[in-house]
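Coordinate analysis (summary)
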Amino acid sequence: MSKLERDKLMRFIDRGMGILPARFVTQESNRLTIVYFGLSSLDVTNSLDHIADQRSAIIDFVYSLQVLPGPDNNYERCGFRGSPLIGNPWNPNCEPIEQLKHDYAHVANTYVALCILKMLGDDLSRVNRPAVMGGLRAIQAQDGSFRAMFCGSESDLRFVFCATAICSLLNDWSGFNKDLGFAYILKCRSWDNGFGQGPEQEAHGGSTYCALAALSLLGRIDELEGKDSLVRWLLERQISGFQGRVEKVADTCYSWWVGASLAMLGAWDLVNHDMCASFTYSCQHMIGGFSKVPGVSPDPLHTYFSLCALGMCGHDGFQPLHYSLGLTHRAAAAPTVFSS
Amino acid sequence: MADEKPIAQREEWADVVPLPQDDGPAKICAIAYLPDFEESMNYFRAIVQRDERSERALWLTERVIDGNAANYTAWYYRAKCLEDLGKDPREELKFVEELAFDNAKNYQVWHHRRLMVERLGDAADGAAELQFTTEILDADDDSKNYHAWAHRQWVLKRFKLWEGELEYIEQLLAKDQRNNSAWNQRYFVVSNTSRREDGSFDRAVVEREIEFAFKYIARSPNNQSPWNYLRGFMKPLTAFPSIVERCEEMSKKYILCAHVFSLLVDVYESEGTAESLQKGIDTCGQLIERADIMRCKYWAYRKEQLEKKVAAL
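Residues numbered from 1 in each chain as written. Chains lettered and ligands numbered in written order. Predicted model: local features only at pLDDT ≥ 70, side-chain atom pairs only at ≥ 80, totals over all residues. Heavy atoms only, no water.

**What about the overall build of chain A?**
Across its full length, chain A holds 13 helices and seven strands. Relative to the compact-globule value of 20 Å for 340 residues, chain A shows a C-alpha radius of gyration of 19 Å, a close match. Referenced to the eigenvectors of the C-alpha coordinate spread, the extents of chain A come out at roughly 55 × 45 × 40 Å. Residues counted as buried form 65% of the 340 residues belonging to chain A. When the accessible surface of chain A is totalled, it reaches about 11800 Å², and 50% of it is carbon and sulfur. If you average the places of the 28 positive and of the 34 negative side-chain charges in chain A, the two averages end up 2 Å apart. (Helix = DSSP H or I, 4+ residues; strand = E, 2+ residues; numbered from the N terminus. Rg over C-alpha atoms; globule rule 2.2 N^0.38 Å. Buried < 20%, exposed > 50% of the residue type's maximum accessible area, 1.4 Å probe, protein only. Areas by Shrake-Rupley, 256 points an atom, 1.4 Å probe, with all protein chains shown as cover. Lys, Arg positive; Asp, Glu negative; His and termini not counted. Charge placed at Lys NZ, Arg CZ, Asp CG, Glu CD.)

**Section: the overall build of chain B**
Along the backbone of chain B there are 15 helices and one strand. Radius of gyration (C-alpha) of chain B: 28 Å, far over the 20 Å computed for a compact globule of 313 residues. Viewed in the frame of its principal axes, chain B has a C-alpha envelope of about 90 × 50 × 35 Å. Sorting the 313 residues of chain B into buried and exposed places 54% on the buried side. Contacts spanning at least 24 positions in sequence make up 62% of the contacts within chain B whose residues lie at least 6 apart. When the accessible area of chain B is evaluated, it comes to approximately 14600 Å², of which 49% is carbon and sulfur surface. (Contact = heavy atoms within 4.5 Å.)

**With respect to the side chain of Asn272 of chain A**
With respect to the helices, strands and loops of the structure, Asn272 of chain A is situated in the loop between helix H10 (252–264) and helix H11 (273–282). The class for Asn272 of chain A is buried, based on a relative accessible area of 19%. Polar contacts involving the side chain of Asn272 of chain A include one to the main-chain amide nitrogen of Asp274 of chain A, which spans 3.4 Å. In this view, Asn272 of chain A contacts Gln238 of chain A together with Met294 of chain B; residues no more than four positions away in its chain are not counted. (Polar contact = N/O pair within 3.5 Å; in protein donor to acceptor, adjacent residues only side chain to side chain.)

**Examining helix H2 (residues 55–67) of chain B**
Under the 1.5 Å per step criterion, the end-to-end length of H2 of chain B is 19 Å for 13 residues, consistent within 8% with the ideal 18 Å. Among all positions of H2 of chain B, only Arg56, Ala57, Leu58, Leu60, Thr61, Arg63, Val64 and Ile65 of chain B are buried. (Expected span 1.5 Å × (residues − 1).)

**Let's talk about the side chain of Asn71 of chain B**
With respect to the helices and strands, the residue Asn71 of chain B is situated in the loop between H2 and helix H3 (72–84). Relative accessible area serves as the criterion here: at 1%, Asn71 of chain B is assigned to the buried category. When sequence neighbours within four positions are dropped, the list of residues in contact with Asn71 of chain B reads Ser29 and Leu85 of chain A together with Met41 and Val64 of chain B.

**A few points about the nonpolar core**
Leu39, Ile58, Tyr111, Ile116 and Val127 of chain A together with Leu230 and Met234 of chain B are the most contacted members of the largest nonpolar core, which totals 217 residues. With sequence-adjacent residues up to four places away left out, Met234 of chain B is seen in contact with Ile210, Phe240, Ile243, Val244, Leu263 and Val267 of chain B. (Core = buried A, V, L, I, M, F, W, Y, C linked by side-chain atoms within 4.5 Å.)

**A look at the interface of chain A and chain B**
Counting residues at the interface gives 66 residues for chain A and 64 residues for chain B. Carbon and sulfur atoms supply 55% of the area that chain A and chain B bury against each other, a total of about 5700 Å² over both sides. Linking chain A with chain B are four salt bridges. The tally of links from chain A across to chain B stands at 39 residue pairs in polar contact (both at pLDDT 80 or more). For the side of chain A that touches chain B, the secondary structure elements donating two or more residues are helix H1 (6–17), strand S1 (19–20), helix H2 (31–44), helix H3 (55–64), helix H9 (227–235) and H11 of chain A. Of the residues belonging to the side of chain A that touches chain B, the class tally is 29 nonpolar, 22 polar and 15 charged. Note: S1 of chain A against strand S1 (residues 30–31) of chain B, two bridges, orientation parallel. Bridge pairing links Leu20 of chain A to Ile31 of chain B in S1 of chain B. (Buried area = accessible area lost by both parts, 1.4 Å probe. Salt bridge = Lys/Arg side-chain N within 4 Å of Asp/Glu carboxyl O. Nonpolar A, V, L, I, M, F, W, Y, C, P; charged D, E, K, R; others polar. Pairing = 2+ DSSP bridges.)

**Some points on the packing of aromatic side chains**
Residue and element names in this part refer to chain B. This structure, assessed with the given rule, holds 38 aromatic pairs over all chains. Between Trp13 and Trp59, the ring centres sit 5.9 Å apart and the planes meet at 40 degrees, which makes this aromatic pair tilted. Of this pair, Trp13 sits in the segment before S1 while Trp59 is found in helix H2, placing the two residues 46 residues apart along the sequence. The exposure class of Trp59 is partly exposed, given its relative accessible area of 30%. Each ring, one from Trp149 and one from Tyr168, has its centre 6.5 Å from the other, and the planes form 45 degrees; the classification is tilted. (Phe/Tyr/Trp six-rings, centres within 6.5 Å; stacked < 30°, edge-to-face > 60°.)

**Topic: the pattern of salt bridges**
Overall, the coordinates contain 47 salt bridges over all chains when judged by the stated rule. Between Arg53 of chain B and Asp51 of chain B there is a salt bridge, with the nearest N and O atoms lying 2.9 Å from each other. Judged by relative accessible area, Asp51 of chain B falls into the partly exposed class, the value being 29%. Close ionic contact of Arg113 of chain B with Glu129 of chain B constitutes a salt bridge, the shortest N to O distance being 2.7 Å. One end of the pair, Arg113 of chain B, is in helix H5 (residues 107–120); the other, Glu129 of chain B, is in helix H6 (residues 126–138), and 16 residues separate them in sequence. With relative accessibility at 3%, the residue Arg113 of chain B sits in the buried group. Salt bridges sharing partners connect three or more residues here, namely Arg232 and Glu236 of chain A together with Arg231, Asp266, Glu269, Arg302 and Lys309 of chain B.

**Thoughts on the packing of H2 of chain A against H3 of chain A**
Residue and element names in this part refer to chain A. It is the contact of H2 with H3, at a shortest axis distance of 11 Å, that shows an interaxial angle of 150 degrees. It follows that H2 is roughly antiparallel to H3 by the angle criterion. By crossing handedness, the relation of H2 to H3 is classed as left-handed. Between H2 and H3, the contacting residues are Arg31, Leu32, Val35 and Leu39 on the first element and Ile58, Phe61 and Val62 on the second. Taken together, the residues of the contact of H2 with H3 sort by class into six nonpolar, no polar and one charged. (Axes fitted to C-alpha atoms, helices over the stretch in contact; angles between N-to-C directions. Parallel < 35°, antiparallel > 145°, perpendicular 65-115°, else oblique. Left-handed = near helix turned anticlockwise from the far one by under 90°.)

**Here's the deal with the layout of surface pockets**
A volume near 510 Å³ is recorded for the second largest pocket. Around the second largest pocket, the lining comprises 23 residues; the ones closest to its centre are Asp228, Ser229 and Arg232 of chain A together with Asp266 and Arg302 of chain B. Elements that contribute at least two residues to the lining of the second largest pocket include exactly H9 of chain A together with helix H11 (224–233), helix H13 (258–271) and helix H15 (296–312) of chain B. (1 Å grid on protein atoms, 1.4 Å probe; cavity = no way out; pocket = protein on both sides within 12 Å on 5 of 7 lines; lining within 4 Å. Points joined across faces, edges and corners; volume = space filled by probe spheres on them.)

**Quick look at unusual backbone geometry**
The omega torsion of the bond from Lys235 of chain B to Pro236 of chain B falls at -5 degrees, within 30 degrees of zero and hence cis. For Pro236 of chain B, the position within the fold is in the loop between H11 and helix H12 (241–253). In this model, Asn171 of chain A sits at a positive phi of 55 degrees, which is unusual for a non-glycine residue. In this structure, Glu247 of chain A takes a positive phi of about 65 degrees despite not being glycine. In this structure, Glu247 of chain A sits in the loop between H9 and H10.

**What about the environment of Ala70 of chain B?**
As for its position among the elements, Ala70 of chain B is in the loop between H2 and H3. Along the sequence, Ala70 of chain B and Val109 of chain B sit 39 residues apart, while their C-alpha atoms lie 8.0 Å from each other. Apart from the residues within four sequence positions on either side, Ala70 of chain B is in contact with Thr26 and Ser29 of chain A together with Asn106 and Gln108 of chain B.

So this is what it looks like as structure tokens:
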């Protein structure tokens, strides 16, 4: 099939944003990312009006997940949670309330929180920007990398990207040591020209996206050496759709990670768009939505990235994408109280 | 878990008031928890707010992790309990090991493992960590598990267990020469053990690694990994005329092999003479027509760049 099954897609997205079956429990900590994938899928396909009646409920839900500073103005835990699993009370207006113990923001959820708010046209006026910046400052390591939470986690390029996107969306870099961050990104460059998740790790499409998006947001992508070799590495990932690493199978999400990377380097035109679209459609499921490879169940993440890929391959009527922010241009441009 | 008594019915928990989750009025991506799990979480939330780091708190973190191994709050709180209770990190490593095989791509499990190893400090058993990653890479045929490789690299550097690693990599390549993680690991080992003081490689090392790559190229010319590896050491491209000759020979036989032609284009471009640039242009033609049709737009672009260089001579 080479046609988008729109009705089935809408129903799939609806199900993905409503009540999820028990087996989704493993995604509890990052529930907000599922909201992001659903809304982004609607945004990309020009269908945000589909959830118009839920708009303020979603915005309130996001704000209820903001970790606020306590009376001592300690910002290290601040940002947004992925879910209310810690037991935080419903507080969409971000009123000062008694701090919970062991309550920490997670940088990927802070990133998607801001994206969701922008997509829904919220002006970010309830975001405590100094607190978010303080939270970022607290999670950047000496080597320039970022972990996900102040209480501890692995530290790698994924969270460097999230941090740069947060700073960009809030128009404030005070929580980010740019020189250290830049140095860390370059350390993740592999001997084969791609970027790994951390220094010396295997070059990977996802990490390469994180590196390039972060460099782009830092305004320093032009300082990258060996861009030609990197373009070749990225183009070589296309085997029908795109693989994430050398000699692995194609997976729809890499059409985004690798495709957007190529777009940021000005080389998306060199991709075989027909083959990419064809592979993506082969992953469209009969119940709606898209899966990572043909013949398995669809999921919100792969659905969103598949739609991005189809848009990039020229599907009619899709919204143009801001590659480094992971938003449509329209959402990225939505004015906020922090806009310059 | 289904046939165990609910926590609410256990005397030893009678003093704790469970704390429910508040998802707010709308159900946005709300999960329909199984009752047992929801109960565990309600008690977990309560215990965390009491800041209680007891045996029963530890037990509860295990229960929560059992229901959701990706709950990073549970792992973090578990680590705190273990520390306060003075538990032996070695016992915890066994706990992690059991979970790891069913959760081999779970970030929290690997992070927790690393935390326990760090807590052991000098008492940590690096060889055991290496063995653990070997078993993970061997299990379920997932010899490319990114987490396992990251952990392995960390262990190798920390404990300086370089001896035997190149052999291990060769075993993996014997099973699957397309295992790019293994190729990356080889570079990692050579890079960490065979650099000169100024960071460069001896010519002898360079030639050895190039030969190693060629051994695998000869077996399977369409495998991209050894070609990337070759390029990783072939610096500058113009300093290896015998390699170029071998590639030119291969290009006559393996006329559909993109990798050999791709390398030749780069070599010819680096050489930069009128003759070389023309060879580069011709090679681009072969890629466009048959050897790498997928990337024909890219090779057309490269061809154009080479033509511009010829014109500028």
